[in-house]
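Next come the chains, spelled out residue by residue.
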Amino acid sequence: MDTTLFQYDFIVKGLLGAIFASITAGLAGTYIVSKRMVFLSGGITHASFGGIGIGYFLGINPVVGAAVFGIMSALGVEYLSVKQKIREDSAIGILWAFGMATGIIFIYLTPGYSPNLMSYLFGSILTVTNADITALGIMSVILILYFGVFYRTILYISFDEVFARTYSSYVDIFKYITTSLIALTIVLNIRMAGVVLVISLLTIPPNIAMLFTKVYFKIVILSVFAGFAGTATGYAISYFAGIPVGATIIFTLVIIWVMAKGISLLAGKLPKLKSVNSSPKKHVE
Amino acid sequence: MALLFEIHSLSASYGTNVVLEDVNFSVGENDFIGVIGPNGGGKTTLLKIILGLLKPVSGNIVFNADLLDGKSIGYLPQMSTGDINYPVTVTDIVLSGLMIRKGILSGMTSADKKKAVMIIDELGLTEMAGSNINELSGGQMQRVFLGRAIIGDPKLLLLDEPGNFVDSTFESDFYEKLKELNSRMAILMVSHDVGTISSHIKSFACVNRSLHYHDSRAITNEDLLAYGCPIQLVTHGDIPHTVLKYHE
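Residues numbered from 1 in each chain as written. Chains lettered and ligands numbered in written order. Predicted model: local features only at pLDDT ≥ 70, side-chain atom pairs only at ≥ 80, totals over all residues.

S.K.: Would you mind showing me how to read the overall build of chain B here?
M.R.: Check the secondary structure of chain B and you find seven helices and nine strands. Counting the 248 residues in chain B, one finds 43% classified as buried. Within chain B, residue pairs in contact and separated by at least 24 positions form 70% of the contacts whose partners lie at least 6 positions apart. (Helix = DSSP H or I, 4+ residues; strand = E, 2+ residues; numbered from the N terminus. Buried ≥ 20, exposed ≤ 12 C-beta atoms within 10 Å, placed from the backbone. Contact = placed C-beta atoms within 7 Å.)

Laid out in structure tokens, this is it:
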């Protein structure tokens, strides 16, 4: 009886986690991949480890600490690169390592053993709480509403910021809000995939989707499905094979990406059957 | 001819670097003005002032509210402003020209989408409507951005160095299109390529920190080579303008 209850809980948690992780990662991931912010996102992820360490040390929820660190580092990179004229990639590199160093120092200073450290680095569904799942669920709703309501505004600002400034005085506000939401998305997904692996959860699904469509919102939708396929499959494999879940999910996503790439290459070799738009003329300089 | 806007003794700077000084300038309804001058002379800055992207240090710009407000200016920026590898389609880009009339809540109606289809067709891009921008040639890209600039039926069209990304095969088509557009909107075209634009414009303004308007299209290369700017060109048209004897 106990075992079935445990299994039931495990499956529900895993399924909900997979759904919410796919939705949040699909929406945020398409944005960061399109805007080429993958390195920045990696920086945010690792910087947030500092918040996890401080959270442990102070005895508060490490996810809260990570969220504060994640958002501050996202805005900090913007501040350092724009206002202080430090190269953006250097600013990211500094905050990346600073966050990890802070995290390690504070975890070391925390009295007693920290059993969950590995789960933050590599993710573990076993340590995911109901509160974590609820937070991811709320985040999914926020992101769907945000990207749904402001779809064109966000799309056009991120495609051509200079042009957007000619008609909107909200460009900076939108950039800050979007970046903060992405930092939060990353932090909440750390429980699923871990600091080291979470960036792949955001970047692989959009790259799978982009093999099949060129339209932004279709990329988002396909990413969510690709992400769910990878997360759920990886989760099941990790359960039956008894291997770490974060690593299995990423491994599965990469396999899906390789297969998708193969399919799109094969499809490209077949005679054209469908759309009138499928005759891309290469841009010649 | 009614004026769209007037600029009065305007100066602009980036920090301590003064880029425009005591500029007086105006644009009328059917003008087709080439804005020429050396790099760093303030041509793009002038466009930024008109677009409201940069606030003048002194002086002002007064729009004729009956004909022109900030929402009826079309803008074709230099090529480099958009990310050409961004997953955005030709149709989406053309539609973005309507954002100026919309709030941030910004849905596109079916009328908007019909308008986009029409503009895309007019620019000969129908086959590429669903393509990403990086699948297009330079000339096609330019027409997409022109489509974005004109979909809102602007009264004033600002072009920043359109010669930068035109390939020679499309060049004559492009200027032909501009001529047609000029029948329904004023055009202000920034260029350093005086030779190319002189046969298309109606008049020109020479910008090199100061601005000198010349109500004539007769610019010769010799003038420009010798002075970086023509001298003593004083032609009085309907448009009030500052006349200066010498400038270099």
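S.K.: Could you clarify how one ought to interpret helix α9 (residues 171-209) of chain A in this entry?
M.R.: Three or four residues apart is the spacing at which side chains of an α-helix point the same way, because the helix has 3.6 residues per turn. Residues and elements named next belong to chain A. Given a rise of 1.5 Å per residue, 39 residues ought to cover 57 Å, yet the end C-alpha atoms of α9 are separated by just 27 Å, more than 12% below that figure. Most pronounced at Val196, the bend in α9 amounts to some 110°. For α9, the buried fraction is high: 31 of the 39 residues fall into the buried class. (Expected span 1.5 Å × (residues − 1). Bend = angle between axes of the 7 residues up to and from the residue.)

S.K.: I tried to follow the sheet that holds strand β4 (residues 58-63) of chain B on my own but got confused; where do I start?
M.R.: What holds strands together in a sheet is hydrogen bonding between their backbones, with the strands either parallel or antiparallel. Residue and element names in this part refer to chain B. Strand order in the open sheet made by the three strands is β2-β1-β4, with antiparallel pairing throughout. In the strand order of this sheet, the two ends are held by β2 (17-28) and β4, each with one partner. Strand after strand, the sheet turns through a mean of 15° between neighbouring axes, direction not considered. Where strand β1 (residues 3-14) lies against β4, five bridges are found, and the strand directions are antiparallel. Its bridge partner lying in β4, His8 is registered against Asn60. (Pairing = 2+ DSSP bridges. Axes fitted to C-alpha atoms, helices over the stretch in contact; angles between N-to-C directions.)

S.K.: Any chance you could explain unusual backbone geometry here in plain terms?
M.R.: Peptide bonds are mostly trans, and most non-glycine residues show a negative phi. Residues and elements named next belong to chain B. Within the chain, Asp153 stands out as a residue other than glycine whose phi angle is a positive 50°. The topology assignment puts Asp153 in the loop between α4 (138-150) and β6 (156-160). Since 12 C-beta atoms lie within 10 Å of it, Asp153 is described here as exposed. A positive phi angle, close to 50°, is found at Glu161, a residue other than glycine. Tracing the backbone through its elements, the reader meets Glu161 in the loop between β6 and α5 (168-182).

S.K.: Could you clarify how one ought to interpret the packing of α9 of chain A against helix α11 (residues 245-269) of chain A in this entry?
M.R.: Residues and elements named next belong to chain A. Put simply, α9 and α11 touch, their axes get as near as 9 Å, and they point 20° apart. Classified by the angle their axes make, α9 and α11 are roughly parallel. α11 is crossed by α9, and the crossing has left-handed handedness. Taken together, the residues of α11 that come into contact with α9 (itself represented by Met192, Ala193, Gly194, Leu197, Ser200, Leu201, Ile204, Pro205, Asn207 and Ile208) are Gly246, Ala247, Ile249, Ile250, Leu253, Val254, Ile256, Trp257 and Ala260. In the contact of α9 with α11, the residues fall into 15 nonpolar, four polar and no charged. (Parallel < 35°, antiparallel > 145°, perpendicular 65-115°, else oblique. Left-handed = near helix turned anticlockwise from the far one by under 90°. Nonpolar A, V, L, I, M, F, W, Y, C, P; charged D, E, K, R; others polar.)

S.K.: Explanation requested: the environment of Thr153 of chain A in the structure shown.
M.R.: Considering the arrangement of structural elements, one finds Thr153 of chain A in helix α7 (residues 151-159). Here the alpha-carbon distance between Thr153 of chain A and Ile208 of chain A, two residues 55 residues apart in the chain, equals 25 Å.

S.K.: Where do I start with the packing of helix α2 (residues 38-58) of chain A against helix α3 (residues 62-83) of chain A in this structure?
M.R.: Two numbers describe a pair of packed helices, the interaxial angle and the distance between the axes. All names here are of chain A. Direction vectors running N to C along α2 and α3 enclose 140°, while the axes themselves pass 6 Å from each other. The pairing of α2 with α3 is recorded here as oblique in orientation. Here α2 runs over α3; the crossing is right-handed. Facing α2, whose interface residues are Leu40, Gly43, Ile44, Ala47, Ser48, Gly50, Gly51, Ile52, Ile54, Gly55 and Tyr56, α3 presents Pro62, Val64, Gly65, Ala66, Ala67, Val68, Phe69, Gly70, Ser73, Ala74 and Val77.

S.K.: I tried to follow the pairing of β1 of chain B on my own but got confused; where do I start?
M.R.: Moving residue by residue along a regular strand, the side chains alternate between the two faces of the sheet. Residues and elements named next belong to chain B. Bridging between β1 and β2 involves eight bridges; their strand directions are antiparallel. The partner of Ile7 across the bridge, within β2, is Phe25. Taking the residues between adjacent antiparallel strands as the criterion, β1 and β2 are bridged by two residues, where Gly15 takes a positive phi near 60°.

S.K.: I tried to follow the sheet that holds strand β7 (residues 186-190) of chain B on my own but got confused; where do I start?
M.R.: Residue and element names in this part refer to chain B. Taken in spatial order, the six strands of this open sheet run β5-β6-β7-β3-β8-β9, and their pairing is mixed. This sheet does not close on itself; its edge strands, each paired only once, are β5 (73-76) and β9 (210-214). The average undirected angle you get between the axes of adjacent strands in this sheet is 15°. Of the strand pairs in this sheet, β5 and β6 are connected by four bridges, and their pairing is parallel. Across the sheet, Leu76 pairs through a bridge with Leu159, a residue of β6. Strands β3 (32-36), β5, β6, β7 and β8 (203-208) of the sheet are contacted by helix α1 (residues 43-51), whose axis makes an angle of about 150° with β6. α4 rests against β5 and β6 of the sheet, and its axis sits at about 165° to β5.

S.K.: Before we go on, may I ask you to explain the nonpolar core in this structure?
M.R.: A general tendency of soluble globular proteins is for nonpolar side chains to be buried together. Membership of the largest hydrophobic core comes to 146 residues, with the highest contact counts inside it found for Leu156 and Leu158 of chain B. Apart from the residues within four sequence positions on either side, Leu156 of chain B is in contact with Leu4, Val27, Leu68, Ser72, Ile73, Met185, Ala186 and Leu188 of chain B. (Core = buried A, V, L, I, M, F, W, Y, C linked by C-beta atoms within 7 Å.)

S.K.: Sorry, what's going on with the environment of Ala28 of chain A here?
M.R.: Residues and elements named next belong to chain A. Mapped onto the secondary structure, Ala28 falls in helix α1 (residues 2-34). Of the residues examined, Ala28 has 28 C-beta atoms within 10 Å and is grouped as buried. Considering only alpha carbons, one finds Ala28 and Ile186, 158 residues apart in sequence, at a separation of 8.5 Å. Sequence-distant contacts of Ala28, that is, excluding residues within four places in its chain, are made with Leu143, Ile182, Thr185 and Leu202.

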